[in-house]
Every structure is written in C-alpha cells, then in structure tokens.
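Chain by chain, the residues:
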Amino acid sequence: MAELSYREAVAAGIAQEMRRDPDVLFLGEDVAAAGGVFKTTEGLLDEFGPKRVKDTPISEQAIIGATMGAAMTGLRPIAEIMFSDFFAVCWDLVANQIAKTRYMTDGQCSFPLVIRSANGGGSRFGAQHSQSIENWAMAIPGLKVVAPSTPADVKGLLAASIRDPDPVMFFEDNNLAGTRGEVSEDEDFCIPFGQADIKREGTDVTVVTIAGSLRPALVVADEMESDGISVEVIDPRTIVPLDTKTILDSVEKTGRLVVVDPAHQSCSVASEISSIVSQEGFWSLQAPIQRVTSLDCHFPFSPALEHLVFPNEDKIADAIRTTLE
C-alpha cells in the first residue's frame, strides 16, 4: 500500500493501465507537458512519451471526435475534458455517437474509451465551472458513469473503466484533489463496477452519498454517534451501473434514507435513487426520504453564498434529524 492524494491516484491509475496495455493512449488540454491543470497527470509524458500522451487544441469537439475515432480503430483512448461543464460543447458526440454507435452497428464498432473530467463545485470557480453533471450522463443509455470519492477508488475504478469494452464517463470531484488515502500498489489493482462501498455501518438511518458529499456525511455521522444516533453511510462509487441492492438492503435495516448529492436537486442522481427506493423499498420506509443537494440556482462565486448553495454538514445533520422525528 502507498499513501496517495486523489490527484496522484489519477496518474497512478492511468500509468498502471498504460504499462499493462500498449493500446492505451491519453489526450486532452494541457495533460502532457503541464501535467494537467489540476496536476492529475504529472509524469505521464516523461514515462510514455508524446505518441501516447498528447496535448490537444482548446476544442472539446476535437478531443472527443479524435477519441471516438481512436476507439473505433481498436485503440483504448482516455480523453480529458478540463471541466465537466464543457461537455455542453461536445454533447452531440457523447450522447448521439459514442453512446449509440455500438448498438446501431450491431456491435461492429465498439467504444472502449474513457472520458475523464473535473466535476462539481465548492472551489469558487463560478457558475460555468461548478456543475455536477453525473445526471446528464446517467440519462443516456450506453454510457457507464463513475464518481469516485477516495484515492483508492480513483485508481481501482480507472483500471476498470479503461479495461471496459464500453464508453465510460469518469467524474473526478474538484474538492477532493488534495485528500489522501491508502492505495494498493498491485499492478493489477481493479475495482469492479456496480459494487457500492459501505463506508460506515449503522442501524438508525441510511445516508447515500455521491462523490465529494461523502466526507461531510462521515463527519456528521461521527458527531451524531455521541448523541446515540447510528448512521450508515454508503458510497455507490458507480452511478451506472448502480448497486441498488446494497442501498435497498440498508434501508430495509434502518427504515430511513437521506441522499446527499452535490448536483442541483431537480432530476439529480439523488432524485433517481429516491425514486428507486420509493418504488422497490417503500414498505421498509418509516419516514419520508430526505434529499440534500445543491439549490436549483446558478453557483455563485462568492464563498459565503457558495457555501449556502451546496450541501454542507449542517444541512446533512438537519436532514438526518428530520427523518428520525
């Protein structure tokens, strides 16, 4: 095991798979010489050279178009879109081409590609650089969607994403870049899709967290233990496929559910998880489901206002106490 930061785990995961498979290549804006704007790809150019680690022009359509073509011809490309908000520029290629071509060609064209992106707010990047868009990708059949919250999950799920025969959207939470944790140094380390991780066991209420919302949820769970409240915290890790069984089993045990999601509330991943539990686990519920999400408004640059818009520890604690009343 080694202790790595979230950002270091990105480079470690990509490097592991590039060593393992010569068909893996990586491209994006400032990912090579500069090591990425968030320093998540430092050292890759030195180890693998400019033929496999490529800087691109500032054109999301060109990046995704080149990635699509590389995958169609047998390579396993990784693309980086600097901020997930910029998927709006190239969404036709993602939603109408990459996600559908394998189906429309009856499997003659496959798309073993990964599209990585910095995602989410809370870092004062303003309205056009702070969105969490897992729900955009979740709405498109044919895409797998990953949202890791720890360095170990970053490395293990990156390996699974790069090896997968289908397109994967890999969302890295901006707020977690400097967080640290133990990561396996096994060169075959891989975490399968569709396996949620129970980060903390409890008996009174289930809290399901998406990406960076895990950390404040764990803080609240620890604080509430002193009040005799036992909180179970679950991190799905992958949004598509979603491990509904682990969530439903937990709700059956606790009878209560709080979902914490950095995205806007309307049409969010939190909304979908709430809907699934309402439909498939209704008789387990002893109280209404609570959602803790970002407000349905634009993300402000002001630190004071930004704190009010995003999920935070106070909002999570209030939601837990509400569902326990």
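Residues numbered from 1 in each chain as written. Predicted model: local features only at pLDDT ≥ 70, side-chain atom pairs only at ≥ 80, totals over all residues. Heavy atoms only, no water.

K.L.:
Got a minute to help me understand the overall build of the chain in this structure?
P.N.:
Looking only at helices and strands, the chain features 12 helices and 14 strands. Over its C-alpha atoms the chain spans a radius of gyration of 19 Å, differing by no more than 12% from the 20 Å that the globule rule assigns to 325 residues. Principal-axis analysis of the C-alpha atoms places the extent of the chain at approximately 60 × 40 × 40 Å. Scored against the burial criterion, the 325 residues of the chain give a buried share of 58%. Nonlocal contacts in the chain, meaning residues at least 24 apart in sequence, comprise 81% of its contacts between residues at least 6 apart. For the chain, the accessible surface area stands at approximately 13,500 Å², while carbon and sulfur atoms represent 52% of it. Charged side chains in the chain number 26 positive and 48 negative. The centres of these two groups are separated by 3 Å. (Helix = DSSP H or I, 4+ residues; strand = E, 2+ residues; numbered from the N terminus. Rg over C-alpha atoms; globule rule 2.2 N^0.38 Å. Buried < 20%, exposed > 50% of the residue type's maximum accessible area, 1.4 Å probe, protein only. Contact = heavy atoms within 4.5 Å. Areas by Shrake-Rupley, 256 points an atom, 1.4 Å probe, with all protein chains shown as cover. Lys, Arg positive; Asp, Glu negative; His and termini not counted. Charge placed at Lys NZ, Arg CZ, Asp CG, Glu CD.)

K.L.:
What is the right way to look at the sheet that holds strand 10 (residues 205–209) in this model?
P.N.:
Within a sheet, adjacent strands bond to each other through the backbone by hydrogen bonds, running parallel or antiparallel. Here we have five strands laid out as an open sheet, ordered 9-11-10-13-14, and mixed in their pairing. One side of each edge strand has no neighbouring strand; the edge strands of this open sheet are strand 9 (197–200) and strand 14 (290–294). Neighbouring strand axes in the sheet, compared pairwise and without regard to direction, differ in orientation by 25° on average. Note: strand 10 against strand 13 (residues 257–264), four bridges, orientation parallel. Paired with Thr209 across the two strands is Val260, which belongs to strand 13. The strands touched by helix 8 (residues 214–225) within the sheet are strand 9, strand 10 and strand 11 (231–235), with strand 11 carrying the most contacts at an inclination of about 165°. Those strands touched by helix 10 (residues 269–280) are strand 10, strand 13 and strand 14, and its axis lies near 155° from that of strand 13. (Pairing = 2+ DSSP bridges. Axes fitted to C-alpha atoms, helices over the stretch in contact; angles between N-to-C directions.)

K.L.:
Mind showing me how you'd approach the packing of helix 3 (residues 60–72) against helix 4 (residues 87–98) here?
P.N.:
Angle between the axes and distance between the axes: these two values describe a pair of packed helices. Contact geometry for helix 3 and helix 4: axes closest at 7 Å, N-to-C directions at 20°. By the angle between their axes, helix 3 is roughly parallel relative to helix 4. In this structure, helix 3 crosses over helix 4, and the sense of that crossing is right-handed. Taking contact as the criterion, the partners of Glu60, Gln61, Ile64, Gly65 and Met68 in helix 3 are, on helix 4, Val89, Cys90, Leu93, Val94, Gln97 and Ile98. Tallied by class, residues from the contact of helix 3 with helix 4 come to seven nonpolar, three polar and one charged. (Parallel < 35°, antiparallel > 145°, perpendicular 65-115°, else oblique. Left-handed = near helix turned anticlockwise from the far one by under 90°. Nonpolar A, V, L, I, M, F, W, Y, C, P; charged D, E, K, R; others polar.)

K.L.:
Quick question: what am I supposed to make of helix 3 here?
P.N.:
Structural remark: α-helix, 3.6 residues per turn; residues separated by three or four positions point the same way. In a regular helix each residue adds 1.5 Å, so 13 residues correspond to 18 Å; helix 3 covers 18 Å between its end C-alpha atoms and thus fits that length. Where helix 3 is concerned, the buried positions are Glu60, Ile63, Ile64, Thr67, Met68, Ala70 and Ala71. Looking straight down helix 3, one finds its buried side chains confined to an arc of 165°; they lie on one side. As for helix 3, its buried residues are in contact with strand 2 (24–28), strand 4 (76–83), helix 4, helix 5 (101–104) and strand 5 (114–119). (Expected span 1.5 Å × (residues − 1). Arc of directions from axis to C-beta.)

K.L.:
Help me out: how do you make sense of helix 10 in this one?
P.N.:
Here helix 10 is 12 residues long and its end C-alpha atoms lie 16 Å apart, about the 16 Å a rise of 1.5 Å per residue gives. The set of residues buried in helix 10 consists of Val269, Ala270, Ser271, Ile273, Ser274, Ile276 and Val277. Those residues of helix 10 hidden inside the fold are in contact with helix 6 (134–138), strand 10, strand 12 (238–240), helix 9 (244–254), strand 13 and strand 14. Put simply, Ser268 is the residue that caps the front of helix 10, since its side-chain oxygen is 3.3 Å from the backbone nitrogen of Ala270. (Polar contact = N/O pair within 3.5 Å; in protein donor to acceptor, adjacent residues only side chain to side chain.)

K.L.:
Which parts of the structure should I look at to understand a negative patch on the surface?
P.N.:
There is a patch of like negative charges on the surface, built from Glu223, Glu313, Asp314 and Asp318. For the negative patch, the element with the most residues is helix 12 (residues 313–324), which contributes three residues. Mapped onto the fold, Glu223 is located in helix 8. For Glu223, a relative accessible area of 48% translates into the label partly exposed. (Patch = residues over 30% accessible without salt bridge, like charges linked within 9 Å, V, L, I, M, F, W, Y side chains within 5 Å. Salt bridge = Lys/Arg side-chain N within 4 Å of Asp/Glu carboxyl O.)

This is a description of form; function is not addressed.
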